[in-house]
Amino acid sequence: MSLLRVTGRPMLASMFVAGGLESLRHPEDVSPVAEPVVRPVTERVDALPDRTEQLVQLNGAVQVVAGALLGIGRLPRLSALAIAATLVPTTLAAHRFWEADDPSERTQQRIHFLKNLSMLGGLLITADDTAGKPSLRWRGHHAATDLRRDAHLVSRTVRATARPAAAAGGIKAKLGG
């Protein structure tokens, strides 16, 4: 594994582990801010808990577990996707700069919003990173291509040897052998 992956993944994951632990320990600190985003989601998705505090804790738990896995390099692509999925509602709930009245508060919230957007980009790149190994799609495509090529070669070989073999068999039959 490259040095960039070994150092970059834990660095990317650290914010989510720390933030997720905070959400697990003190969901009441985040719940009022999360409420405008949580309410419409829970109305549409019955499988989610109704209480905002529980959803904040669930979001935090996903961030801690996926962040830890990403940090140690286990299931990094899946972990990055899981964190990305939690980052979208977190960003929409916590950094609503368009609603801030105070110009300095608006500027701060916009900075945090863009920071989270940047982290989302890093997570999406991480989710697509195959660590130098071809993806399953690539391997499948190339295996199919190789199989088609091999089948074509076998077909050509059979055709090329069938006529001389038939001719030799005919000559042998005429000679009585």
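For every chain, the first residue of the written sequence is number 1, and numbering continues from 1 onward in sequence order. Local features in this predicted model are restricted to residues whose pLDDT is 70 or higher, and side-chain atom pairs enter the listing and the counts only when it is 80 or higher, whereas totals over whole chains, interfaces and linings include all residues. Note that the side-chain values use all heavy atoms of the structure and ignore hydrogens as well as water.

**Considering the nonpolar core**
Counting residues in hydrophobic clusters, the biggest one holds 13 residues, and the most contacted among them are Leu12, Phe16, Leu70, Ile83, Leu87 and Leu123. Under the DSSP-based scheme used, a helix requires at least four consecutive residues in state H or I and a strand at least two consecutive residues in state E, with every element numbered from the N terminus. Elements represented by at least two residues in this core include exactly helix H1 (3–25), helix H3 (52–72), helix H4 (76–94) and helix H5 (103–128). What makes two residues a contact is simply this: any of their non-hydrogen atoms within 4.5 Å. Once residues within four sequence positions are removed from consideration, Phe16 is found in contact with Gln63, Val64, Ile83, Leu87, Met119 and Leu123. Of all hydrophobic cores here, the second largest spans 6 residues; its members include Val37, Val38, Leu55 and Val56. For our purposes a nonpolar core is just a set of buried Ala, Val, Leu, Ile, Met, Phe, Trp, Tyr and Cys residues, chained together by side-chain atoms within 4.5 Å. Three labels apply to residues, based on accessible area from a 1.4 Å probe with only protein chains included: buried if under 20% of the type maximum, exposed if over 50%, partly exposed otherwise in between.

**What about the layout of surface pockets?**
Rolled over the atoms, a probe as big as a water molecule pinpoints where empty space is left. Both cavities and pockets are sets of points on a 1 Å grid over the protein atoms alone; in a cavity a 1.4 Å probe fits but cannot get out, in a pocket the set is open with protein on both sides within 12 Å along at least five of seven lines, and lining residues sit with an atom within 4 Å of a point. Grid points are joined across faces, edges and corners, and a volume is the space filled by probe spheres set on the points. Of the voids in this model, the largest pocket is the one considered here, and its volume is about 740 Å³. Along the walls of the largest pocket sit 32 residues, with Val30, Asn59, Gln63, Thr86 and Thr90 positioned nearest its centre. Among the secondary structure elements, those contributing two or more residues to the lining of the largest pocket are H1, helix H2 (27–44), H3, H4 and H5. If you tally residues by element for the lining of the largest pocket, the top one is H3, at 8 residues. By the convention adopted, Pro, Cys, Tyr, Trp, Phe, Met, Ile, Leu, Val and Ala count as nonpolar, Lys, Arg, Asp and Glu as charged, and the other residues, Gly among them, as polar. Looking at the lining of the largest pocket, its residues break down into 19 nonpolar, 10 polar and 3 charged. Taken as a whole, the second largest pocket spans an internal volume of roughly 360 Å³. Lining the second largest pocket are 17 residues, and of these Arg77, Asp129, Thr130, Ala131 and Lys133 lie nearest its centre. For the lining of the second largest pocket, the secondary-structure elements that each account for two or more residues are H1, H4 and helix H6 (136–174).

**Considering the pattern of salt bridges**
Counted as salt bridges are all cases of a side-chain nitrogen of Lys or Arg within 4 Å of a carboxyl oxygen of Asp or Glu. Overall, the coordinates contain 7 salt bridges when judged by the stated rule. When the shortest N-O distance is used, the salt bridge between Glu53 and Arg51 registers 3.7 Å. The exposure class assigned to Arg51 is partly exposed, which follows from its relative accessible area of 47%. For Arg149, the salt bridge goes to Asp146, with nearest N and O atoms at 3.2 Å. Note that Arg149 and Asp146 are positioned in helix H6 at a spacing of 3 residues, about one turn of the helix. Each of Arg5, Arg9 and Asp129 takes part in a single network of salt bridges with overlapping partners.

**Some points on unusual backbone geometry**
Although it is not a glycine, Leu75 sits at a positive phi angle of roughly 45°. Inspection of the secondary structure puts Leu75 in the loop between H3 and H4. Taking the relative accessible area as the measure of exposure, Leu75 reaches 54% and is therefore exposed.

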